[in-house]
Amino acid sequence: MESGGRLSGEACLTPPETTQATGAEALDWTQDCLAVLYALMPWGDQHQDFASMLRLIATSLCLRCQRVTALPLNVRPCATLSSAENQKTVKALYDLSVDVQKVRKLKGWVLHQSPAYTEEVADLLMDMGASGVIISRILAVHPEAVLCHPEQMKAQRDLWMTVCPNLKDLVGIIEKFPASFFTSSCHHDNQQNNIAYFQSLNLNKRIITKLMASAPQSFSRPVEQNEVMVRTLQQAYQELGGEEANMKIWLQKLLSQNPYVLLKPPEVLRQNLLFLRDKGFSTAELLRLLSKLRGFVTELNPDSMRRTLVYSQDTMGCSEADLLDIILNCPALLYYPEAILAERFEGLLSAGISMSQIMETPTVLELTSQIVNYRIQRLRGHGYDVRTGSLEVLNGTKKEFEMSYGKLQLRRERPLFNPVAPLKVDD
């Protein structure tokens, strides 16, 4: 607000980007504009007429902005939006036992589109071996599938079958990642080119399928962008002393563990590796970190890593050399913010665990405080005290912990037999 209660209109009258603004943002902008105009309006005999005109404009613009919220960004150019629901689509979904109320609530705009190919989608999926339950589940989660032209869906099926071993596996992928299969036909050429490129790298078909399913954006964009990132990863691997014979296996593992690594700018990888080298990691240690971080090195940035390293060293009271060893054992420390680390340190210390124990087994910091407390209680129930024992038993996934816990329980119930101990016999 300026002095005198007038608004400064220069900043407010800049509209949001039409390609990125949501309906809510457009509505906020409209209201800001009207506030500026109202503040600048003439005050006198023309006030009432001008105010009436503003109210008329406000009503029209607000209604338009409210309609924007109902329009998705990916409406097919060939589809027509109607104010009434497409009853043919609604009936077909009901016949397939799809939860129409859920569709109406979450993606109701689909029901207003025409044409729609609900029956054709169901027939295609059924021909591929999908059951009625699976079909209804797919359409409830991703009703946009009914807007795909039948020829486009057949082309997608044929394309996926070049890397997917069989129809049964493909149906399973569609059930988990329907948006990856039912994509716009304009991406088809990019998908073909990217598949051919990854096949030229001799990557396993299963890895390519996983990439297509979990990170479809990397296959929808031009192949040249993926080529740049893959070359950057290969160069980093070679510069850090990686063996050429193992490069394909290393790349496959990295891409399968973090498919989104392809979508990151190559400069991010270079900057992060340079930062870690400046912190004192050797070439061999950097290669270990790059492998252990499983591609998540591209999710980091020097500023956040610097803050995390300073906080970790101050909290543990260790030397820089000790900190590097701890990071090599637990690379996840690099991408945890200080707030999360503070909570986990506090949780461990309040459970009676010493800082020296944490430094010996830093991977325990990868677990949330709730998981740590739960596992400590389970172990305590069988006489294992983490305050005096190793923290290794706390580590691992749920399955790995249950295996360790089971071994402790078995050891307690079945005492070890000593074959050389003297037998107790009656005199």
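Quantities reported herein were computed from a predicted structural model and do not represent experimental measurements.

1. Some thoughts on the packing of aromatic side chains
Here comes step 1: What the rule picks out here adds up to nine aromatic pairs.
Here comes step 2: With a centroid separation of 6.3 Å and an interplanar angle of 50 degrees, the aromatic rings of Trp160 and Phe181 are classed as tilted. Taken together, the residues Trp160 in helix α8 (residues 150-160) and Phe181 in helix α10 (residues 178-181) connect sequence positions 21 residues apart.
Here comes step 3: Both rings, one in Phe198 and one in Phe219, keep their centres 5.4 Å apart while their planes meet at 35 degrees; by these two values the pair is tilted. Residue Phe198 is located in helix α11 (residues 188-200), and its partner Phe219 is located in helix α13 (residues 217-220); the two are separated by 21 residues in the primary sequence. You'll find Phe198 and Phe219 in the same group, each marked buried.
Here comes step 4: Each residue in the set Trp160, Phe181 and Phe182 is aromatic and connected to the rest through ring pairs, giving one cluster.
Here comes step 5: Here the basic side chain of Arg344 rests over the ring of Tyr336, its NZ or CZ set 4.7 Å away from the ring centre.
Here comes step 6: A cation over a ring is seen here: Arg378 above Tyr405, with NZ or CZ 4.2 Å from the ring centre.

2. What about the nonpolar core?
Here comes step 1: One finds Phe182, Phe198 and Leu255 to be the most contacted residues of the largest nonpolar core, which totals 106 residues.
Here comes step 2: Residue contributions to this core peak at six residues, all from helix α14 (residues 223-239).

3. Considering the pattern of salt bridges
Pairing between side chains of opposite charge can happen when their charged atoms approach one another.
Here comes step 1: Evaluation of the coordinates by the stated rule reveals ten salt bridges.
Here comes step 2: A salt bridge links Lys91 to Asp95, with the shortest nitrogen-to-oxygen separation between them at 3.0 Å. One end of the pair, Lys91, and the other, Asp95, are both in helix α4 (residues 87-95), four residues apart, so they sit about a helical turn from each other.
Here comes step 3: You can call Lys91 exposed: its relative accessible area is 52%.
Here comes step 4: Take Asp95: its relative accessible area is 54%, and that puts it in the exposed class.
Here comes step 5: Among the salt bridges present, the one from Lys107 reaches Glu144, with a minimum N-O distance of 3.0 Å. One end of the pair, Lys107, is in helix α5 (residues 100-107); the other, Glu144, is in the loop between α7 (132-141) and α8, and 37 residues separate them in sequence.

4. Observations concerning the side chain of Ser180
Here comes step 1: Inspection of the secondary structure puts Ser180 in helix α10.
Here comes step 2: One polar contact links the side chain of Ser180 to the main-chain carbonyl oxygen of Ala213, over a distance of 2.6 Å.
Here comes step 3: Non-local contacts of Ser180, meaning those with residues more than four positions away in its chain, are made with Gln156, Trp160, Gln191, Met212, Ala213 and Pro216.

5. A few points about the confidence of the model for the chain
Here comes step 1: For the chain, mean pLDDT is 82; residues scoring 70 or higher make up 76% of the total.
Here comes step 2: Every residue in residues 1-32 is under pLDDT 50, and counting partners more than four places away or in other chains gives 35 contacts.
Here comes step 3: Confidence drops under pLDDT 50 across residues 423-427; counting only partners more than four residues distant or on other chains, this segment forms zero contacts.

6. Structural notes on unusual backbone geometry
Here comes step 1: Between Ser114 and Pro115 the backbone carries a cis peptide bond, its omega angle lying at 0 degrees.
Here comes step 2: Topologically, Pro115 is positioned in the loop between β2 (113-114) and α6 (118-127).
Here comes step 3: For Ser97, which is not glycine, the phi torsion reads 65 degrees and is therefore positive.
Here comes step 4: Although it is not a glycine, Asn202 sits at a positive phi angle of roughly 60 degrees.
Here comes step 5: Of note, Asn202 is situated in the loop between α11 and α12 (205-214).
Here comes step 6: Classification of Asn202 by relative accessible area gives exposed; the value is 53%.

The rules behind the values
Residues numbered from 1 in each chain as written. Predicted model: local features only at pLDDT ≥ 70, side-chain atom pairs only at ≥ 80, totals over all residues. Heavy atoms only, no water. Phe/Tyr/Trp six-rings, centres within 6.5 Å; stacked < 30°, edge-to-face > 60°. Helix = DSSP H or I, 4+ residues; strand = E, 2+ residues; numbered from the N terminus. Buried < 20%, exposed > 50% of the residue type's maximum accessible area, 1.4 Å probe, protein only. Lys NZ or Arg CZ within 6 Å of the ring centre and 35° of its normal. Core = buried A, V, L, I, M, F, W, Y, C linked by side-chain atoms within 4.5 Å. Salt bridge = Lys/Arg side-chain N within 4 Å of Asp/Glu carboxyl O. Polar contact = N/O pair within 3.5 Å; in protein donor to acceptor, adjacent residues only side chain to side chain. Contact = heavy atoms within 4.5 Å. pLDDT = per-residue confidence, 0-100.

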